[in-house]
Amino acid sequence: MAKISLTVNGKAVSAEVEGRTLLVELLREKLGLTGTHIGCDTSQCGACVVHVNGDSVKSCTMLAVQAEGAEITTIEGLAAADGTLHPMQAMFREHHALQCGFCTPGMVMSAIDIVRKHPEGLSEAQIREELEGNLCRCTGYHNIVKAIAAAFPLMHQKQAA
Amino acid sequence: MAFEGIGASVKRREDGRFLAGRGHYVDDMNRPGQLYAVIRRSDRPHARLRGIDTAAAMAAPGVVAVYTGADIAADGLGGIPCGWQIHNKDGSPMAEPMHPVLAIGKVRHVGDPIAVVIAETKAQAKDAAELLAIDFEDLPGVADLRAAAAGGAPLVHDDVAGNVCYDWHIGDKDAVDAAFARAKHVAKLDLVNNRLIPNAMEPRAALGECDVAGNYTLSTTSQNPHVIRLLMGAFVLHIPEHKLRVIAPDVGGGFGSKIYHYAEEAIVTWAAGKLRRPVKWTAERSESFMSDAHGRDHVSHAEMAVDESGRFLALRVSTLANMGAYLSTFAPSVPTYLYATLLAGVYKTPAIYAEVKAIFTNTVPVDAYRGAGRPEAAFLLERLVDAVAHDTGIDRIALRRANFIPADAYPYQTPVALQYDSGNHEVTLAEALKTADYAGFPARRAEAARRGKLRGIGISTYLEACGIAPSQVAGALGARAGLYEVANIRVHPTGSVTVFTGTHSHGQGHETTMAQLVADQLGLPLDQIEIVHGDTGQIPFGMGTYGSRSLAVGGSAMVKAMDKIIAKGKRIAAHLMEAAVEDIEFKDGAFRVAGTDKSKALAEISLAAYIPHNYPIEELEPGLEETAFYDPKNFTYPGGCHVCEVEIDPETGVTKVVNFVAVDDVGRVINPMIVEGQVQGGVAQGIGQALLEGAAYDANGQLLSGSFMDYTMPRADNLPNITVGTEITLCTHNPLGSKGCGEVGAIGSPPAVINAVVDALKEYGVRHLDMPATAEKIWSIIQANRPKMAAE
Ligand code: FES
Ligand code: FES
């Protein structure tokens, strides 16, 4: 067992974890943040994506101990304190980009990172390529792509490419 | 108030919690004192179990219990039941071998559960499961359908000769033979409908609990909690309904794979009773691959007899269908009544004969997966029609038009049992061709050719049967359950409404659509309506969600219950306003005395019903709550036309879907946004089947595609934008006129895609191609046919 301290959704937390405990297990089991999901055991579905120090990371691919000192944001930490949705959340709702909702937290976290990393603009083809690491079985991605394109101008205060 | 009723694209009410990370899925639940179950599964396709040594596992840290098939047998648990019985050609019943909860004596497929380890933590249970020493005696296995059906194949069940579960047929063989004898032309085709692994993104999970009074609760990833309560309670665990509550909370996709009663549900419930502590099991994705029921897996031969003008005279089909190692809940119905009865499609083929042999193999059980039987029928038929066009030189669109059941021929009795109530295939075809700019295709093909690309276009004009199902018809065909749906509508004293539905939403957006339906009928704002589903403790009964039935059957039950509410409300209103009941009309949420300005809002009536001081108490019970069971009169028959355009890179064999248009007739639409999403999702799965997905086994039954690394799930960059259109003919036999939209996408699309690929490859002499049309398959065809083309 190791004791680790980190910041999750702006709050300092610490926990006792086994060496083999994954970050996603820490979030779900120890911190009760069940919005982050587990959809596979081969790091391919993206249901577990969170932000670690501002970058999107598959939290099933990282040991909890590696998150020592890190700043983590999960889906639960996106909306403003008054409940106002992040533009990406709002656009997912607006464009019906979710059905069962299981891939959604990881999809939203990845989508935010994609838009942030491409301030120059994003084509539809680019959005589709960048979503390579996130699987959705419900939507056929059509509306997810639309939602991300619609969130771009809201996040960058300018039009998508 | 914005319009929120029938026809409005209301944003989904469930999205708020999902987007905030507050969805409530089974694996999100944890109970005080909870234990964790890990299943040790067979890694062998077929083996005798000579012994299981549990000592080391039992002694491992944190382990509370280890159970095997022997413990299950000692406690007298039943086998996992099958919900549908098919009869053979000779009238005898199908073979129905025992399906034990944990393997007894033998394992029959990779993934077959052998033992369960229950420990304080999941990691401890996992560690201990590896310490189980299992003495296997490997037996030869068989995975391939044709091999398993051939004489001398290893037997999956010693007492099932030839591995034949059933040998069934439908249609008039003599009429078909006679028509073939006078046919001008016969087109023949051999087809494989590839085996698929559903892979809902949420892995299955189950949490069992038992309280001090012996009341059990199972929380499970299910599309139909009441069905699970019935099957597990009555047949496996022998727990009566009133002591067993089954909850299916938020469920992360199903597509059929979460209809069935699975062993793990019984294991955690039974173990929770024995240990008097909650027991949770959650599948890892590798387990999903080897334990969730798979889909499709047919091998067929089809022949169409055609006269000189291209009219279809008769259709003859013989199909082998893979059942896997055991019969899953609805498996026997899929290749029979959900498949062969659909072989008329949209055509007036006068004579049809189909025979289907269902075969056991050493593979995961196969059952309904989105579309279930109907995609297999549509693929066979729409490929065969293109083959007729290819062989006769008749244009494929003209050929279809010439054989369509005309709109004025409805209701139409097919030669394979079903009676279609409504449809208009000409209209959906015309709309789809226009939207896809079919006429402009030759120019696009020429332009692609200049870039060195092969472009093809394909269509499918399909029909399916859903809104499952009229109980007596289904019962006569072998169903062991009723297939009606139930709604309980409770108008509270102050006029808000809770609707309890026996259907279940796992992505379909029922909390929105069904609330819109109720808002429309009762004249209430959406925020006064709550939809409750997924809990046998709250909902009277229900058959759940599959077969695109929730609106057509479940919504109709709501309409029926609302009719009762309104009828009772009228009697109360008549009393309050001192008018005759016949003079009361209900409109826009108020009861009015016709021809006067006297009216009472629904909330005033409900208040009077619960505080019955001024109330016709002699003739009317207080309260305003009604339950309705709705049993459909027929199936519903959505249909439409899908057009797919592909571009193939001859250097790599990679197929890109460049345009996809789906124009579907799903009957009355409540929420167009949600319907469009359902169709897009279904089409994505259909394109996946056509181009990417395929479960692979070696000859013995070792699963080769056991993870997302080996099984190609469609990703965002594999798929195009999907244009959805709707054309509506109303269902004539339910009060909503709705037909269902959940499966049309997955049914209509695979043949459209393959027809397009074949079209793109026609210069290479390709007449047919089996799914998935992978880059490797196409590249090989191109390579093999290149020299021939050069020589010509
Ligand atoms: S859980 Fe699938 S990628 Fe992390
Ligand atoms: S919404 Fe269900 S998996 Fe994406």
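## Here we look at unusual backbone geometry
Residue and element names in this part refer to chain B. The amide bond that connects isoleucine 468 to the next residue, alanine 469, takes the cis arrangement and shows omega of -5°. Looking at the secondary structure, you find alanine 469 in the loop between strand E18 (454–463) and helix H14 (471–476). Cis rather than trans, the peptide bond between methionine 771 and proline 772 has omega equal to -10°. Its place among the elements puts proline 772 in the loop between helix H19 (744–760) and helix H20 (775–791). Unlike most non-glycine residues, phenylalanine 255 shows phi in positive territory, near 60°. Note on placement: phenylalanine 255 falls in the loop between strand E11 (244–247) and helix H8 (263–275). Note on phenylalanine 255: relative accessible area 13%, which makes it buried.

## A few points about the domain arrangement of chain B
All names here are of chain B. One can read the domain layout of chain B as domain 1 (15–139 + 201–253 + 258–291), domain 2 (298–405 + 414–468 + 634–791) and domain 3 (484–630). Each partner contributes to the interface: domain 1 provides 17 residues, whereas domain 3 provides 16 residues. Both sides together, the interface formed by domain 1 and domain 3 hides about 1400 Å², and carbon and sulfur atoms give 53% of it. On the domain 1 side of the interface with domain 3, the three residues burying the most area are Gln223, His226 and Arg245, jointly 41% of the side's total. Here domain 1 is connected to domain 3 by 2 salt bridges. Of the charged contacts, one joins glutamate 511 and arginine 17 as a salt bridge, the two residues approaching to 2.9 Å between their closest N and O atoms. On the surface where domain 1 and domain 3 come into contact, there are 9 residue pairs in polar contact (both at pLDDT 80 or more).

## Quick look at the pairing of strand E27 (residues 655–665) of chain B
Residues and elements named next belong to chain B. A large share of E27 lies buried, amounting to 8 of its 11 residues. Pairing geometry for strand E26 (residues 639–648) and E27, over 10 bridges, is antiparallel. Paired with valine 643 across the strands is valine 661, a residue of E27. Between the antiparallel neighbours E26 and E27 lie 6 residues, among them glycine 653 with a positive phi of about 80°. Bridging between E27 and strand E28 (residues 722–726) involves 5 bridges; their strand directions are parallel. Its bridge partner being in E28, valine 663 is matched across the sheet by glycine 725.

What counts as what
Residues numbered from 1 in each chain as written. Chains lettered and ligands numbered in written order. Predicted model: local features only at pLDDT ≥ 70, side-chain atom pairs only at ≥ 80, totals over all residues. Heavy atoms only, no water. Helix = DSSP H or I, 4+ residues; strand = E, 2+ residues; numbered from the N terminus. Buried < 20%, exposed > 50% of the residue type's maximum accessible area, 1.4 Å probe, protein only. Domains from an automatic or database assignment. Contact = heavy atoms within 4.5 Å. Buried area = accessible area lost by both parts, 1.4 Å probe. Salt bridge = Lys/Arg side-chain N within 4 Å of Asp/Glu carboxyl O. Polar contact = N/O pair within 3.5 Å; in protein donor to acceptor, adjacent residues only side chain to side chain. Pairing = 2+ DSSP bridges.

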